[in-house]
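Single-letter residue listing:
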Amino acid sequence: GGLIGHVQGTISLTNCYATGNVDGVDRMGGLIGYILSGTTGTIDNNYATGTVTASANSYKLIGLDSSGALTITDNYVLDNTCNAGAGGGCAETNGGTQLIDAEMKAEASYNTWDFGSNWSIVEGVSYPTLQ
């Protein structure tokens, strides 16, 4: 994953982002690669903009979520950042809302994010950054 390779146990991932490209075969994600069975917690207010290139079990936000027990809300991914390999495995967001570049650079696109305390953005110019 662009931020986390794999996770098992409890996760609380809030107010994070990943901009790097992810290239691999299986379980690749723009933010998290693989969430193992039994993992609990929350993933909210995050985004990923890097390109994900893979052939199986790979998505723009979370590669493969085997937990079945996570709360995943208000996460975003840049549209057109998925390159399917020979197996065609990369297309859906798996927990994130797809936005085009202009939407990713607009505060109004991030429904519940706190731009007063946690995030800042230069409208129409940059993606959100942490304060």
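Residues numbered from 1 in each chain as written. Predicted model: local features only at pLDDT ≥ 70, side-chain atom pairs only at ≥ 80, totals over all residues. Heavy atoms only, no water.

**Considering the overall build of the protein**
Heads up, the rule is: The numbering of helices and of strands both runs from the N terminus, where a helix is a DSSP run of H or I of at least 4 residues and a strand a run of E of at least 2. Under the scheme applied here, a residue whose accessible area is under 20% of the maximum for its type counts as buried, over 50% as exposed, and between as partly exposed, the area being computed with a 1.4 Å probe on protein chains only. Using a 1.4 Å probe, the Shrake-Rupley method yields the accessible areas, and only the shown protein chains count as cover for residues.
The number of helices and strands found in the protein is 1 helix and 15 strands. By residue count, 43% of the 131 residues in the protein fall in the buried class. Entry remark: accessible area of the protein is about 6000 Å², with carbon and sulfur atoms responsible for 45%.

**Quick word on the pattern of salt bridges**
Formally: Salt-bridge detection follows one rule: a side-chain nitrogen of Lys or Arg within 4 Å of a carboxyl oxygen of Asp or Glu.
Evaluation of the coordinates by the stated rule reveals 3 salt bridges. Between arginine 27 and aspartate 26 there is a salt bridge, with the nearest N and O atoms lying 4.0 Å from each other. The exposure class assigned to arginine 27 is partly exposed, which follows from its relative accessible area of 34%. Relative accessible area serves as the criterion here: at 28%, aspartate 26 is assigned to the partly exposed category. Across the salt bridge formed by lysine 105 and aspartate 101, the nearest N and O atoms sit 3.1 Å from each other.

**Remarks on the pairing of strand S2 (residues 10–14)**
What counts is decided by this rule: A pair of strands counts as paired when DSSP detects no fewer than two bridges linking them.
A one-sided burial pattern is seen for S2, the buried positions being Ile11 and Leu13 and the unburied ones Thr10, Ser12 and Thr14. In this structure, S2 lies alongside strand S6 (residues 40–44), joined through 5 bridges in parallel fashion. Within S6, the position partnered with isoleucine 11 by the bridge is glycine 41.

**Here we look at the sheet that holds S6**
Stated precisely, the cut-off is as follows: Lines fitted to the C-alpha atoms define the axes, with helices restricted to the stretch that makes contact. Angles between their N-to-C directions range from 0 to 180 degrees.
The strand order across the open sheet built from 3 strands is S2-S6-S10, with neighbouring strands paired in parallel fashion. Each having just a single partner strand, S2 and strand S10 (70–73) make up the two edges of the open sheet. Shown here is a sheet whose adjacent strand axes are inclined to one another by a mean of 10 degrees, direction ignored.

**Looking at the packing of aromatic side chains**
Threshold: Two aromatic rings, drawn from Phe, Tyr or Trp (for Trp, its six-membered ring), form a pair once their centres lie within 6.5 Å of each other, and the interplanar angle then sorts them: stacked below 30 degrees, edge-to-face above 60, tilted otherwise. Whether a charge sits over a ring comes down to the Lys NZ or Arg CZ being within 6 Å of the ring centre and within 35 degrees of the ring normal.
Enumeration over the complete set of coordinates arrives at 11 aromatic pairs. Ring centres 6.4 Å apart and planes at 20 degrees place the aromatic pair tryptophan 113 and phenylalanine 115 in the stacked group. A relative accessible area of 6% places tryptophan 113 in the buried class. One aromatic cluster is present, built from ring pairs that chain together Tyr17, Tyr47, Tyr76, Tyr110, Trp113, Phe115, Trp119 and Tyr127. In this structure, arginine 27 is placed above the aromatic ring of tyrosine 34, and the distance from its NZ or CZ to the ring centre is 4.5 Å. Across from the ring centre of tyrosine 127, 5.4 Å away, lies the NZ or CZ of lysine 105, which sits over that ring.

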